[in-house]
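Fold and geometry: a report
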Amino acid sequence: MTRTAIGLLTTLVSVGFGMAAQAQTEPTTAPEPAATAPVEPATGEPAPAAATGEQAAAPRTKSWEDIVVVPRKAFLKGGRLELAPFTGITLNDVLIRHYTFGGDLNFYLTDVFSIGIEGQYFIKERSDRESLVGLQYNRIPTLNRYLYAAAFNFGYVPGYGKYTLFNRYIMHWDIFVNGGVGAIWSEIIPRVVGDEAFQTISLAPDIQVGTRFFVSDWLTVSFAFRDYLFNDKFEPTDRDSSESIDEVKARAPGRFVNNLMFTASLGFYLPTSFQYRTPR
Amino acid sequence: MTKGTTFLTALAVAAGVGMPLAARAEQERKSPLADAPAVRRRVELRDKRFEIGVGGGATMGQDFYHAVMVNGRLAFHITDWFALAGWGAFNLTPNFKTAFHEQLDSALASAMPTKERTPSVDEANAGMNKIGEVFALQAELVPFTGKFGLFSGLFMNYDFYAFGGPGFVDFKADTACTTPMLRRSCAVAGFKVGGNFGLGMHLFANDYFALNFELRDLFVQNNASGRDINGDDLADDRDLSWQSNYILSMNLMFFLPGRATISP
């Protein structure tokens, strides 16, 4: 009989410990009402009885009460630093394309306003059309290549959304518009191989429109169109081989350039986590 | 006998208490939303609905002639995520030269055509073709659907889709190519069949009206310059190559029936 009692006691104790431990880990949503509770008396309004009841009734099991009708934003940017390496390609020149590698460094003053800087390095590639101009028309195109660029930008987030993937998973994203001013370094590609080249630094306002997908609390993926507007200088078509490079540059014709690029970037955010400041 | 009774009693109690606990733990580990769709009471804006509309578009990255187009689109959404569609466009600006074309004209204007390869402006232009009409059939996959807010005031449903299918481009030329031999300029004209693929999206203003944007690539065989490419000093079919024709279009779309169903 004694052994029976001991056996029962042991069993109940072990089961009871399991229940107690489970009860401690269960109410993951319980701390939120408790955290907001001290604020409520300061407003002079009594705390709702339901809220008090919820705290008193803990632990409770998960139920439909845990389903929030309007979920909060999945990602907060205000007060965080974004480091975003990007790569891209030019879109609107049929003779030469540039691949770009660069980075954005943005600080978000609020969740929708940011200031930042960007820098990028270009690698050129002549297109098939460019290579055919000589064969088909007996002419050599006058081209410039971009070297690098930098800019100071302001950013704004006018839109925020979410989508479902086959109505199974919900993802969040936003639209951003950046604009600013910077400089771009370019260099002529001499039509005669071996001729000296000159470089030009041009003032280059830019405007960017893109969309950003939130992957985790600290990681985003973005795609953007970036348009850089500047007045570039090109090699004169009547360049004389006896001219010095300074003379060539002095009479180089200018032409307005609209350099449209498509870029993809990864955004890393610091600090790597954030806290909601409003109750759920 | 006593030992056996004790063990069996303990086992029975443990089983009696533990099994419901295990079942409860299993139940608690499973979210109440585990099998639920991401969105309940969702407006099925596409399912079993026709879509018809018109709009405009423009080519991107053409060598010699831009094309600003008027286009139409017709689709039937078999499910909320799959549709079959047709699209067609007509070029309204057959003489809209690209910046490269204009620079080439000015560079050739001063040229003195000789026995060398340099063509006159007229000879160069005679070889160039331009897009006349384009048609495409496409299957559309709509994996992404959602809602967004603009300036926290304008809320719209939207979707993104990818599409693919056959594409047809009717190339036009100002000068017909008649001389079969020893020709250096011969414009490629007529229908070319190839691939059509791209991305699109709808922005729904309400249940029955949406803005539609599509970026497509019509991938067909062409020689836009109509001049020799392979170096045999003769412009013919051997100079054809597969080339992309990017077209960005926007359509005003109406969905039928006008009222969308709502999911459970």
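Scope of this entry: the structure provided in the associated data block. This structure is a prediction, so every number in the text was calculated from the model and none was measured.

Some remarks on the overall build of chain B
Helix and strand counts for chain B stand at 3 helices and 10 strands. Reading chain B from its N terminus to its C terminus gives the helix and strand order α-β-β-β-β-α-α-β-β-β-β-β-β. Excluding contacts between residues fewer than 6 apart, the proportion of contacts in chain B whose partners are at least 24 apart in sequence is 70%. Carbon and sulfur atoms provide 67% of the accessible area of chain B, an area that totals close to 13400 Å².

Overview of the pairing of strand 4 (residues 143-165) of chain A
Residue and element names in this part refer to chain A. By the bridge criterion, 9 bridges tie strand 3 (residues 113-126) to strand 4 in an arrangement that is antiparallel. Of the residues in strand 4, the one forming a bridge with Ile115 is Phe154. Bridging between strand 4 and strand 5 (residues 169-189) involves 20 bridges; their strand directions are antiparallel. Residue pairing in the sheet places Gly161 in a bridge with Trp173 of strand 5. Hairpin connection of strand 4 to strand 5: 3 residues between the antiparallel strands, including Phe166 at a positive phi of 50°.

What about the side chain of Ser186 of chain A?
Residues and elements named next belong to chain A. Among the structural elements, Ser186 can be located in strand 5. According to the relative accessible area criterion, Ser186 is buried, its value standing at 1%. Engagement of the side chain of Ser186 in a polar contact is seen with the side chain of Asp232, the distance being 2.7 Å. If near-sequence neighbours (up to four positions away) are discounted, Ser186 is found in contact with Asn144, Arg145, Tyr146, Leu147, Phe198, Gln199, Thr200 and Asp232.

Digging into the side chain of Glu187 of chain A
Residues and elements named next belong to chain A. Position of Glu187 relative to the elements: it lies in strand 5. With relative accessibility at 16%, the residue Glu187 sits in the buried group. Polar contacts involving the side chain of Glu187 include one to the side chain of Gln199, which spans 3.2 Å. Beyond its immediate chain neighbours, meaning those up to four positions away, Glu187 contacts Asn144, Arg145, Leu147, Ala197, Phe198 and Gln199.

Points about helix 5 (residues 128-137) of chain A
Within helix 5 of chain A, the full set of buried residues consists of Arg129, Glu130, Leu132, Val133, Gln136 and Tyr137 of chain A. Buried residues along helix 5 of chain A cover an arc of 160° about the axis, so they all sit on one side. Helix 5 of chain A presents Asp128 and Ser131 of chain A as exposed residues on the side facing more than 90 degrees away from its buried surface. Those residues of helix 5 of chain A that are buried are in contact with strand 3 and strand 4 of chain A together with helix 2 (99-109) and helix 3 (121-127) of chain B. One or two steps after helix 5 of chain A, the chain reaches Asn138 of chain A, where phi turns positive at roughly 60°.

What counts and what doesn't
Residues numbered from 1 in each chain as written. Chains lettered and ligands numbered in written order. Predicted model: local features only at pLDDT ≥ 70, side-chain atom pairs only at ≥ 80, totals over all residues. Heavy atoms only, no water. Helix = DSSP H or I, 4+ residues; strand = E, 2+ residues; numbered from the N terminus. Contact = heavy atoms within 4.5 Å. Areas by Shrake-Rupley, 256 points an atom, 1.4 Å probe, with all protein chains shown as cover. Pairing = 2+ DSSP bridges. Buried < 20%, exposed > 50% of the residue type's maximum accessible area, 1.4 Å probe, protein only. Polar contact = N/O pair within 3.5 Å; in protein donor to acceptor, adjacent residues only side chain to side chain. Arc of directions from axis to C-beta.

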